[in-house]
Amino acid sequence: MSEKKGRFETLAVHAGVKPDPSTGAIMTPIFATSTYVQVSPGKHQGYDYSRTHNPTRTALETSLAALEGGKHALALSSGCTGTDILMHLLEVGDHVVSVDDVYGGTSRLFRTIWAKHGVETSFADLTSRPLTDFATSKTKMVWIETPTNPLLKIIDIEKVVAAAKKLPTKPIVVVDNTFASPYYQSPLELGADVVLHSTTKYINGHSDVVGGAVITNDQSLLSRLHHIQNSIGGVPGPFDAFLVLRGIKTLALRMKRHGENAFELAKWLEQHPAVDKVLYPGLESHPQHAIAKKQMKGFGGMITFFIKGNLENARKFLEAVKVFALAESLGGVESLVDHPAIMTHASIPAETRKALGISDNLIRLSVGIEAIEDLKEDLDNALKLSQ
Ligand code: P1T
């Protein structure tokens, strides 16, 4: 499925996209059809039913595989569908080691859905302890999110993959690459078996689609994942597939700008009197800055910081921003601000959140592509009003 011609920027514009043979239309048509005419039972042009395949989705899958340097991709109805489909690979009694700081919805799926179906997950701080401290004789999957949501911890992908490959249970290593996007990080090159994306975020980039994807080089794993998707559903509609495909064309331009704006704001916030601490992988003060430099091509558009004071100070700040919008999600062209403890990570039990350090004065920024001066002025004004 993959088309490996060209550099990232070229692939983003061209991979998967061919002029429509019947009209010459340069843009991939939105194939709004549930089914396909067969000339004789079982004789068709590669498409029989749109839960199984759809040409707009196929174009998107080819593009996603190319961007991640992978051979195969499945486009899905959401990032959480990707997590769920991957968990369907496991059997009762199997065990997962997951990074401790993951998106709240990922943690919720592991703790409240899959634990009930007999798959236990251990949440591990893989920045300070080795995988072997958490692996059991049943560990069949290792779940990495890096940078993590919302603490922006950096996990050494190559190191964890090497440790996983030595385990007798041969677990599948999944990397949720949503925060970095394929522009800044290529987990398959670092040895991961599967990359997961919430395409809702940077890949689509315009906050108008919920979608997901999994990408792998392993043909048999892809077949198993496609069997699961085809059996349970979880497909994106052709309109959504088209929108994500369109968003991808500007992914490189957007990511460059997200990264530049975020780096500048992170350095500036670090000096701000109303800010206690800033977490951004590009800062030398970040505890895993050296690993980020080694495995990422840039540091992305997400910043997490601790505002001086308590929840009241955080509230004043969050109510005062004008360019940044207070909303869940991330990765769109517009800047967003999130309060993880009350919003995106509320489903994580309070004591677990506290132990992780997701405190009431923690604020997460998804830095957009607006003028840096306007972003700075907005944050400065709201920070002043917060104290
Ligand atoms: O929302 P959905 O497309 O299902 O993606 C889930 C998901 C998976 N992985 C990561 C790293 C994510 O951040 C998300 C979704 N996150 C948010 C909605 C958020 O605001 O953090």
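Everything here concerns the structure above.
Report follows, based on the coordinates. Bear in mind the structure is a predicted one, so any value in this text is a computation, not a measurement.

Cut-offs and rules
Residues numbered from 1 in each chain as written. Predicted model: local features only at pLDDT ≥ 70, side-chain atom pairs only at ≥ 80, totals over all residues. Heavy atoms only, no water. Helix = DSSP H or I, 4+ residues; strand = E, 2+ residues; numbered from the N terminus. Rg over C-alpha atoms; globule rule 2.2 N^0.38 Å. Buried < 20%, exposed > 50% of the residue type's maximum accessible area, 1.4 Å probe, protein only. Contact = heavy atoms within 4.5 Å. Areas by Shrake-Rupley, 256 points an atom, 1.4 Å probe, with all protein chains shown as cover. Lys, Arg positive; Asp, Glu negative; His and termini not counted. Charge placed at Lys NZ, Arg CZ, Asp CG, Glu CD. Axes fitted to C-alpha atoms, helices over the stretch in contact; angles between N-to-C directions. Left-handed = near helix turned anticlockwise from the far one by under 90°. Pairing = 2+ DSSP bridges. Near = heavy atom within 4 Å. Polar contact = N/O pair within 3.5 Å; in protein donor to acceptor, adjacent residues only side chain to side chain. Nonpolar A, V, L, I, M, F, W, Y, C, P; charged D, E, K, R; others polar. Domains from an automatic or database assignment. Phe/Tyr/Trp six-rings, centres within 6.5 Å; stacked < 30°, edge-to-face > 60°. Parallel < 35°, antiparallel > 145°, perpendicular 65-115°, else oblique.

1. Notes on the overall build of the chain
- The helix and strand inventory of the chain stands at 13 helices and 12 strands.
- Its C-alpha atoms give the chain a radius of gyration of 21 Å, near enough to 21 Å, the size a compact globule of 387 residues would have.
- Judged by the C-alpha coordinates and their principal axes, the chain covers about 75 × 50 × 35 Å.
- Within the chain, the proportion of its 387 residues that are buried is 56%.
- Relative to all contacts within the chain whose residues are 6 or more apart in sequence, the contacts with residues 24 or more apart total 73%.
- Counting only carbon and sulfur atoms, one obtains 55% of the accessible surface of the chain, whose full area is about 16,200 Å².
- Distance between charge centroids for the chain: 4 Å, based on 40 positive and 41 negative side chains.

2. What to know about the packing of helix α11 (residues 311-320) against helix α13 (residues 372-386)
- The geometry of α11 relative to α13 is characterised by a closest axis approach of 8 Å and an angle of 145° between their N-to-C directions. The two elements α11 and α13 cross, and the hand of that crossing is right-handed. Residue-level contacts link N313, K316, F317 and A320 of α11 to L379, A382, L383, L385 and S386 of α13.

3. Points about the sheet that holds strand β8 (residues 275-279)
- Taken in spatial order, the 5 strands line up as β8-β9-β12-β11-β10 in an open sheet, and their pairing is mixed. Strands at the two margins of the open sheet, each flanked by one partner only, are β8 and β10 (325-326).
- With 4 bridges connecting them, β8 and strand β9 (residues 302-307) associate as antiparallel partners. Pairing of K277 across the sheet is with F306, part of β9.
- Sheet contacts for helix α9 (residues 251-270): β8, β9 and β12 (362-366); angle to β9, the most-contacted strand, approximately 15°.
- In this fold α11 packs onto β9, β10, β11 (336-338) and β12, with an angle of close to 135° to the strand it touches most, β9.

4. A look at the environment of F299
- Note that F299 resides in the loop between α10 (289-295) and β9.
- What makes F299 buried here is its relative accessible area of 17%.
- As a C-alpha pair, F299 and G191 span 108 residues in sequence and 20 Å in three-dimensional space.
- What F299 contacts, discounting residues up to four positions off in sequence, is Y184, F263, Y280, P281, G282, H289, A292 and K293.

5. With respect to the environment of L279
- Topologically, L279 is positioned in strand β8.
- Along the chain, L279 and L152 lie 127 residues apart, while their C-alpha atoms are 6.7 Å from each other.
- Contacts of L279, omitting those with residues within four sequence positions, involve L151, L152, H286, I303, T304 and F306.

6. Topic: the site of the ligand
- Taken together, 18 residues lie around the ligand, and D176, S198, T200, K201 and S329 are the ones closest in.
- The backbone of C80 places a nitrogen or oxygen atom 2.9 Å from an oxygen atom of the ligand.
- At 2.8 Å, a side-chain N or O of S198 approaches an oxygen atom of the ligand.
- Taking 480 Å² as the accessible area of the ligand by itself, protein coverage stands at 93%.
- Its residues assigned to classes, the shell around the ligand shows 4 nonpolar, 9 polar and 5 charged.
- Counting contributing residues, the shell around the ligand receives three or more from each of domain 1 (8-248) and domain 2 (251-386).

7. As for the packing of aromatic side chains
- The full count for this structure, using the stated rule, is 9 aromatic pairs.
- Ring centres of F110 and F123 lie 6.3 Å apart, and the angle between their planes is 45°; this geometry places the pair in the tilted category. Placement of F110 in helix α4 (residues 104-114) and of F123 in strand β3 (residues 120-124) is noted, with a sequence separation of 13 residues between them.
- The buried category is assigned to F110, whose relative accessible area is 1%.
- The exposure class of F123 is partly exposed, given its relative accessible area of 29%.
- Plain terms: the ring middles of F263 and Y280 are 5.6 Å apart, the flat faces sit at 45° to each other, and that makes the pair tilted. Note that F263 is positioned in helix α9 and Y280 in the loop between β8 and α10, a separation of 17 residues in sequence.
- Residue classification places F263 among the partly exposed residues on the basis of a relative accessible area of 26%.

8. A closer look at the pairing of strand β6 (residues 194-198)
- Taken across its 5 residues, β6 has 5 buried, putting it largely inside the fold.
- The alternating pattern of β6 places V194, L196 and S198 on one face and V195 and H197 on the opposite face, and all of these are buried.
- Where strand β5 (residues 172-176) lies against β6, 3 bridges are found, and the strand directions are parallel. In the sheet register, V175 faces β6, and the bridge partner there is V195.
- Bridge analysis of β6 against strand β7 (residues 212-216) gives 5 bridges, and the strand direction is antiparallel. In the sheet register, V194 faces β7, and the bridge partner there is T216.

9. Concerning the packing of helix α3 (residues 79-87) against α4
- Direction vectors running N to C along α3 and α4 enclose 40°, while the axes themselves pass 10 Å from each other. With respect to α4, the element α3 is oriented oblique. Judged by the sense of rotation from one axis to the other, the crossing of α3 with α4 is right-handed. Contacts from C80, T83, D84 and M87 of α3 reach α4 at T106, L109, F110 and W114.
- Along the lines of polarity and charge, the residues of the contact of α3 with α4 split into 5 nonpolar, 2 polar and 1 charged.

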